[in-house]
Amino acid sequence: FHIVSKFLKDLYDDASGYEKSIKKDWLSLAHPRRSDFLVMSDNAKTTLQATEDEYGLRINEIASAIDFDRALEEVGRQKSKKKGGKVPTTSVPWQTNVLKNVPDHERWIFGGKAQKLWPHSDEHADADGSMCILYPDLFSDLGLEEKEEANNDVPLNVGESPRWKDAMESKSLGNVAAALPLAKALGVIVTPHLHGAVTHVLCDLKRHTMLEWSSMRPLSIFSDADSGSQLHERLISLEESAALDGAGDRSVLLVSPDWLEEKWERGNE
């Protein structure tokens, strides 16, 4: 986002009419910084070691104020890990903090214009809204099936499930992984386990942006039939468990990254 934003600013400031591109006219922007990555592979880390130190500062350049601030944040994160101390609050999703520490009638404060999937709003401050709990189709297995077990899968000294590290180091990340920051900004709680409380499954669909899951749906709706088959079997199992527990019908939506983008665009109109 930082690279594209800077490119567009320079583009609009330049009044000349010739065709422009980052590759031809702003070659320096084509070299990403450590701070430009949401997820970084081992190869990318190795490449950056030639130009940046472990805190993201350029080795042969004078740091800007923004770069220096980012480096100090990285120093703090690394010191916290070495000491094994408290997990910084920034590592805990804001939704989790709100649900744990803010009374129901005050949660509407966090429902901004863009938080289309946050169930609390100023119009319904006392409403008992249903949280959007989303499972992204990123993992080789579907994780824990019981909600209580899934919620306990967070080591105190890490702040997140170890399943995230395994998934983010995969070389096959695509649109689903790229859409996760957007999902969180919309007010979604993202879980690495497909358990009984999940309301949305983020996956690649062939011809739809959103479908209500049903055991009668064909596997052809999924872009990846093998992954779709795995999701389908787990959702059937969860449906049967809910029926045995007398929980009634459970509705799960299959949504694509495009569906999240549409929600975000509507929130910013």
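That block above? That's the structure.
All chains use their own residue numbering, which begins from 1 and follows the written sequence. Selection of residues for local features in this predicted model requires a pLDDT of at least 70, selection of side-chain atom pairs for listing and counting requires 80 or more, and totals for whole chains, interfaces and linings are taken over all residues. The side-chain figures draw on all heavy atoms in the structure; neither hydrogens nor water molecules are used.

1. As for the overall build of the protein
Here is step 1: Helix numbering and strand numbering both begin at the N terminus, where a helix is a DSSP run of H or I of at least 4 residues and a strand a DSSP run of E of at least 2. Looking only at helices and strands, the protein has 11 helices and five strands in total.
Here is step 2: Burial classes follow relative accessibility: with a 1.4 Å probe on protein chains only, a residue under 20% of its type's maximum area counts as buried, one over 50% as exposed, and anything between as partly exposed. Counting all 269 residues of the protein, 33% fall into the buried class.
Here is step 3: We call two residues contacting when some pair of their heavy atoms lies within 4.5 Å. Contacts spanning at least 24 positions in sequence make up 62% of the contacts within the protein whose residues lie at least 6 apart.
Here is step 4: Accessible surface area values rest on a Shrake-Rupley calculation with a 1.4 Å probe, where residue burial reflects the displayed protein chains alone. As displayed, the protein has an accessible area near 17300 Å², and 52% of this comes from carbon and sulfur atoms.

2. Considerations on the packing of aromatic side chains
Here is step 1: Only centres within 6.5 Å qualify two rings of Phe, Tyr or Trp (six-membered ring in Trp) as a pair; their planes then separate them into stacked at under 30 degrees, edge-to-face at over 60, and tilted for everything else. Evaluated as defined, the whole model comprises two aromatic pairs.
Here is step 2: The interplanar angle of 35° and the centroid separation of 5.9 Å between the aromatic rings of Y135 and F139 together place this pair among those described as tilted.
Here is step 3: A relative accessible area of 0% places Y135 in the buried class.
Here is step 4: Look at F139 and you get buried, because its relative accessible area is 8%.

3. With respect to the pattern of salt bridges
Here is step 1: Salt bridges are counted wherever a side-chain nitrogen of Lys or Arg sits within 4 Å of a carboxyl oxygen of Asp or Glu. Counting across every chain of the model gives three salt bridges.
Here is step 2: Two residues, E52 and R58, come together in a salt bridge whose shortest N-O distance is 3.6 Å.
Here is step 3: For E52, a relative accessible area of 3% gives the class buried.
Here is step 4: Note that D141 is salt-bridged to R163, the shortest N-O span being 2.8 Å. Residue D141 is found in the loop between β1 (133-136) and α6 (147-151), and its partner R163 is found in helix α7 (residues 162-168); the two are separated by 22 residues along the sequence.
Here is step 5: Since its relative accessible area comes to 38%, D141 is described here as partly exposed.

4. A few points about the side chain of H232
Here is step 1: The topology assignment puts H232 in helix α10 (residues 225-244).
Here is step 2: You can call H232 buried: its relative accessible area is 11%.
Here is step 3: Residues contacting H232, with those up to four places away along its chain left out, are W213, S214, S215, R217 and L219.

5. Some thoughts on the pairing of β1
In regular strands, side chains alternate between the two faces of the sheet.
Here is step 1: Burial of the side chains of β1 extends over both faces: I133 and Y135 are buried on one face and L134 and P136 on the other.
Here is step 2: Pairing between two strands is assigned when DSSP locates at least 2 bridges connecting them. With two bridges connecting them, β1 and strand β2 (residues 189-190) associate as parallel partners. Looking at the pairing, L134 lines up with V190 of β2.
Here is step 3: One ladder, built from three bridges, connects β1 with strand β3 (residues 200-202); its direction is parallel. Bridging across to β3, P136 finds its partner in L202.

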